[in-house]
Structures are given as C-alpha cells and as structure tokens.
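Structure assessment
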Amino acid sequence: MALHLNDSGLIKTRAYINGEWISSRNSISVRNPCDSSLIARVAKAGCFEAQHAIDSAYQALQPWQAKAAKERASILRKWFNLIMESQEDLAKILTAEQGKVLAEARAEIAYGASYVEWFAEEAKRIYGDTIPAPSSDKRVVCIKQPVGVVACITPWNFPNAMLTRKIAPALAAGCTVVCKPASETPLSALAIAELAHRAGIPKGVINIVVGNAHEIGRVLTKSPLVRKLTFTGSTEVGKSLVADCSTTLKKTSMELGGNAPFIVFPDADLKAAISGLMASKFRNSGQTCVCTNRVLVHEKIYEEFKQKLTSTIKENLVLGHGDREGVTNGPLISQTACETVDRIVQVSLAKGAKLELGGKPSRLGVCFYPPTVLSDVTNDMPAAREEVFGPLVSLIRFTSEEQAIAIANDTDVGLAAYFYTRDIGRVWRMGEALEYGIVGINEGIISNEMAPFGGIKESGHGREGSKYGLDDYLEIKYMCMGGIDD
Ligand code: SIN
C-alpha cells in the first residue's frame, strides 16, 4: 500500500542506533489491519542491535545529562515543533499501520506532542531541597539526578503518544533511551525518531529497535547499564518484565491493564453520561486501557439509558477504513483481537447476558468487529471480568451506591473509573471510595499531559505526565555536609 505523504523522508524502515539508520538481514512486515496489505518491511533487530543500542545510550548519557536543563528544554521544544509541523503525515502513517480513523490519529499526534512540550517546560523545574540539619555543624541538601539509561517498551494502540510520554520525561530529566515499539506499529516510532534527529537530539540519546519482544526484552532487562524500564502493555507481560528486572534491581514504571467501570446514578445528566460513555468506550474502537469496560446503571434509569445508548450508537457510529470520510471506527489491530472480543460476547451470552446490538464479526474484513451492546451482564461474566479491548458495551444493573462501589472495586486492576451524578456529597464519597488511579467525574475523557496518568493494584505503578511524571526518571541524592561550626 502506497502512503502519500508530503515528506516521504518520514518513512524509515531501519533501526535507529547512535544517530544512524542500521539495516538487518531479517525484516518484519508491517501491514494495514483494514485489509492486511503490506505497508513496509522494517529491519528486525535482535540481541546484537539491542546491545549496540544500550551501549550507544550509555555513551551518550554523560554529555546529555551535563547539558544545562535550558538547553535540553530548547532541543525538546524543537522536536515538539517538528512533530506538530508533520502532524498530517504522522497521522497518515499511524492510521495506515494501526487502523484508527484519521481524526483520532491527528488527535494522537497532538496528544503525543503535548508530552514533549510539557516536559520541555518541566525540564527547567527539577528542584532539589535544603533540609534543616539535626545539628548545627551540619547542612543537608538534596539534589535530583537522572536515573541513567532507560528502556521504553511501548504498545500498538498509541504508537506515537505512548512513546513520547516516556521519551520526553526521560530526556528532560537527563536520561538517554533505548525504545522497543510494538512490531505491529513501528513506523510511527521511527518517523518521530527521524524528527528527533532533525531537531538536533544528539546521537545515542534516542535509540529505537524493532524486533522480537522476548529477545530484545531479555537484553534490556538483564543489562546492568539499563537503570530503568518503563512499559505500557498487558498486566501479564508487565509482571514478567518486573520479575526480569529484579536481577539488576532496576527502577520500573508499569502502565498496565484496566477494567474501567462507568457508573451512572439516577440523578445524572443522562445526555452528558451517554456522550461521555461514547467517548470513553469507542475511542480507538475500545482499544485503550482507560476505555470503559463495564457500564453500571442504576435500576431506576436502566431501561431508558439502554434505549438511548443503543440508538445513539446506531445513529452515530460508522465502521470502516480509517482514512475514509464519515467513518468513526476503524478495525481492531488483528484477527486474533476480533476473535477475543467475539469469544467474550458469546460466553457472556451463554451465561445469561442479552444481545441488544451487534455481536457478530463484521463482513468488512477479519479485523472488524461492530459496536456491540450486551444487557443484563453480571460482574462474574467475561464481559465484566476481562479487559475487552474492543467496541463492546456491557450493561450491569445496580440498586445502591454501596453496591455500585462493591461491583466497581471487585477486580484485581485499578486504572481508570468514571461516574456521573449531580450530587456533591456523592461526588466526594465515590471519588474517595473507588480503588483506581484516575477517576472521571461527569467526564469521559481524562487523558492529558498535565495530569498524572497511572494505576494502582495490578494496573501497575508510576505516573506519566504532569509534574509527577519526571520523578520516575530521577534519583534523589542527599548530601550531608559536616564541619560547618568553627
Ligand atoms: C493506553 O491505552 O495505554 C493509554 C491511553 C491514554 O493515554 O489515554
């Protein structure tokens, strides 16, 4: 499939190591999930390239961290400007390899760039502390220093933003990085590496290798030169990476799976709740870890909510190729992803859920699954227990606030939760009772660069974005000075 870009130099198909584009004997085919057409073949890196990338990042570390924060900030700002100037081309690449519709791809590029802009600014605000000393002959000072070389492993659902959300704070803090983007969507990562190169980010500061996850993951986790690993992906893989990092006791940040409840109380503004749910559920066709996974609706408004939601979906969502006018939802990432959603639907139906809409793979192609609504779902069905990662709405009935909290918290994960109510007392009670890292209150879109993104329980640890997002890339050093008294 030919991609028509203004700047064809953004299509890169080799590994980016030490400021150079490195080829390899083996390759990975990158395909468009709409029709499986071949977009490009990308050099497949292995252990050798991964080690080369680590060594390059290690070599580049000292000079990069020695730069004044203001200089690092200004280089990051140049990168941000170049990303935004190439927004349209980057969006086309993203839609082609990932499938999301062009409007969402453009939004992702701006979202990803916002982390670069934010951390360019935050680079200048890495403050230390002076602390009152325990005796008059001492002084106590804390400084913050970069952790060192950081490994970043990123997923296919946000091939641009998940990478910038890791690289930007790492570079702002003075770290250097080795990134392994998902093999399904490497072109977005390589394109922003090209823009980083043009922005003057010195060689070795950013390195990108695409290849077998186990092979590269093993080199990254075992290397003593890598001092931190940051990962966005499944809880299962996150746990195994943390275990592998334990042999070198690396710092880790894990942004893992979710199972977001979306709770609608009888006093909610129903129109706002439906529009919040549409945004939260169908963003990226349901393939985000903060997408609504279970919709809890109070029994008093359950039927009305179900009717209104089902007609809103029928009237507004159009499934199709992401680059076509009028399409609102693209394909899922793979045939396997569709089969998983279908299994969750069919098993939940067999356990007593009722089909209100959709529920059968689409004829558009093997990666397309239509928006689907199940009612009478209970919290023990796969539709409520598993992270769906697809356009499935599961409606659960509840009768009291206590019951809603119990159902919402009855899961091992705790990334995002949402609720709709106009009762101020309930806003506080719910906000405090929900065991989640992010809570949307009368709001379905909660992600932005200024807020701390991250979960609790098996959704992981660490925060990305916001003033807290730099902490994960910094170490605190305490210096105790003695002999001050005469
Ligand atoms: C994710 O799905 O991992 C991230 C979603 C977001 O940043 O909103």
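Keep in mind that this is a model prediction, so the values were computed, not measured. (Residues numbered from 1 in each chain as written. Predicted model: local features only at pLDDT ≥ 70, side-chain atom pairs only at ≥ 80, totals over all residues. Heavy atoms only, no water.)

1. What to know about the overall build of the protein chain
What counts here: Here a helix means four or more residues in a row that DSSP labels H or I, a strand means two or more in a row labelled E, and each is numbered from the N terminus. We compute the radius of gyration over the C-alpha atoms and compare it with the globule rule, which gives 2.2 Å times the number of residues raised to the power 0.38. Under the scheme applied here, a residue whose accessible area is under 20% of the maximum for its type counts as buried, over 50% as exposed, and between as partly exposed, the area being computed with a 1.4 Å probe on protein chains only. The contact rule is simple, with two residues in contact once any of their heavy atoms fall within 4.5 Å.
In terms of regular secondary structure, the protein chain is built from 14 helices and 22 strands. A globule of 486 residues ought to have a C-alpha radius of gyration of about 23 Å, and the protein chain, at 23 Å, matches this closely. When its C-alpha atoms are laid out on the principal axes, the protein chain stretches across 75 × 60 × 40 Å. Looking at the protein chain residue by residue over its 486 residues, the buried ones come to 57%. Nonlocal contacts in the protein chain, meaning residues at least 24 apart in sequence, comprise 73% of its contacts between residues at least 6 apart.

2. Structural notes on helix α2 (residues 69-85)
Each turn of an α-helix holds 3.6 residues, which means side chains three or four residues apart point in the same direction. The test is simple: One less than the residue count of a helix, multiplied by 1.5 Å, gives the span that helix is expected to have. Note that the arc is computed from the directions linking the helix axis to the C-beta atoms.
For α2, which comprises 17 residues, the first-to-last C-alpha distance of 24 Å matches the rise-based estimate of 24 Å (1.5 Å per residue) to within 8%. Listed as buried for α2 are R72, A73, I75, L76, W79, F80 and I83. Down the axis of α2, the smallest arc covering the buried residues is 165°, so these residues share one side. What points out from α2, more than 90 degrees from its buried face, is the exposed set K70 and E85. Looking at the buried residues of α2, the elements they touch are α1 (47-66), α3 (87-98), α4 (102-122), α5 (161-173), α6 (186-198) and β9 (206-208).

3. Quick notes on the site of the ligand
Keep this limit in mind: Any residue with at least one heavy atom within 4 Å of a molecule or strand is counted as near it. Think of a polar contact as two N or O atoms within 3.5 Å of one another; within protein, one of them needs to be a possible hydrogen donor and the other a possible acceptor, and neighboring residues in sequence only count if both atoms come from side chains. Reported accessibility uses the Shrake-Rupley method at a 1.4 Å probe radius. Residues are deemed covered only where the shown protein chains occlude them. The source of the domain bounds is an automatic or database domain assignment.
If you check the shell around the ligand, you find 13 residues, and the closest are Y111, R165, R283, C289 and S447. Here an oxygen atom of the ligand sits 2.9 Å away from a polar atom, N or O, in the side chain of R283. Here the ligand has 260 Å² of accessible area as a free molecule, and 100% of this is covered by the chains. Residues from two domains meet in the shell around the ligand; each of domain 1 (8-256 + 459-478) and domain 2 (260-448) gives at least three.

4. Observations regarding the pattern of salt bridges
A side chain with one charge may pair with a side chain of the opposite charge, provided their charged atoms come close. Worth spelling out the cut-off: Put simply, a salt bridge is a Lys or Arg side-chain nitrogen that is within 4 Å of an Asp or Glu carboxyl oxygen.
In total, this model carries 25 salt bridges according to the counting rule given. Between E121 and R77 there is a salt bridge, with its nearest N and O atoms 3.8 Å apart. Placement of E121 in helix α4 and of R77 in helix α2 is noted, with a sequence separation of 44 residues between them. Accessibility expressed as a relative area gives 33% for R77, which makes it partly exposed.

5. Side note on the domain arrangement of the protein chain
So the rule is basically this: For any pair of parts, buried area is found by adding up, for both, the accessible area (1.4 Å probe) each one loses once the two are put together. Gly falls in the polar group here, along with every residue not listed as nonpolar (Ala, Val, Leu, Ile, Met, Phe, Trp, Tyr, Cys, Pro) or charged (Asp, Glu, Lys, Arg).
Partitioning the protein chain into structural domains gives domain 1 (8-256 + 459-478) and domain 2 (260-448). For domain 1 versus domain 2, the separation of C-alpha centres amounts to 31 Å. Contacts between the two partners involve 22 residues from domain 1 and, on the opposite side, 25 residues from domain 2. Surface buried jointly by domain 1 and domain 2 totals about 1,900 Å² across both partners, of which 59% is contributed by carbon and sulfur atoms. Summed over the shared surface of domain 1 and domain 2, the result is 0 salt bridges. In this assembly, domain 1 and domain 2 are joined by 7 residue pairs in polar contact (both at pLDDT 80 or more). Only α3 and α4 provide two or more residues apiece to the side of domain 1 that touches domain 2. At 4 residues, the largest contribution of residues to the side of domain 1 that touches domain 2 is made by α4. Residue composition of the side of domain 1 that touches domain 2, grouped by class: 9 nonpolar, 6 polar and 7 charged.

6. Here's the deal with the packing of α4 against α5
The criterion, for reference: Between N-to-C directions, angles cover 0 to 180 degrees, with each direction set by a line fitted to C-alpha atoms, over the stretch in contact for helices. Convention used here: angles under 35 degrees read as roughly parallel, angles over 145 as roughly antiparallel, angles from 65 to 115 as roughly perpendicular, and any remaining angle as oblique.
Where α4 contacts α5, the two axes come as close as 8 Å, and the packing angle between them is 10°. In this view, α4 runs roughly parallel relative to α5, as classed from their interaxial angle. Contacts from E108, Y111, G112, Y115, V116 and F119 of α4 reach α5 at A161, M162, T164, R165, A168, P169 and A172. Among the residues making up the contact of α4 with α5, the classes are represented as 9 nonpolar, 2 polar and 2 charged.

7. Observations concerning helix α7 (residues 213-222)
Listing the buried residues of α7 in full gives I216, G217, V219, L220 and T221. Looking at the buried residues of α7, the elements they touch are α1, β7 (149-153), β8 (176-180), β10 (226-232) and α8 (235-245). Its side-chain oxygen placed 3.0 Å from the backbone nitrogen of H214, N212 serves as the N-cap of α7.

8. Considering the sheet that holds strand β5 (residues 129-131)
The criterion, for reference: At least two DSSP bridges between two strands are required for those strands to pair.
Taken together, the 3 strands give an open sheet; going across it, the order is β5-β6-β22, and neighbouring strands pair in antiparallel fashion. Sheet topology places β5 and β22 (474-481) at the edges, where each strand pairs with a single neighbour. Each strand axis lies, on average, 25° off the axis of its neighbour in the sheet, ignoring direction. Bridge analysis of strand β6 (residues 139-146) against β22 gives 8 bridges, and the strand direction is antiparallel. Directly across from I143, in β22, lies its bridge partner K477.

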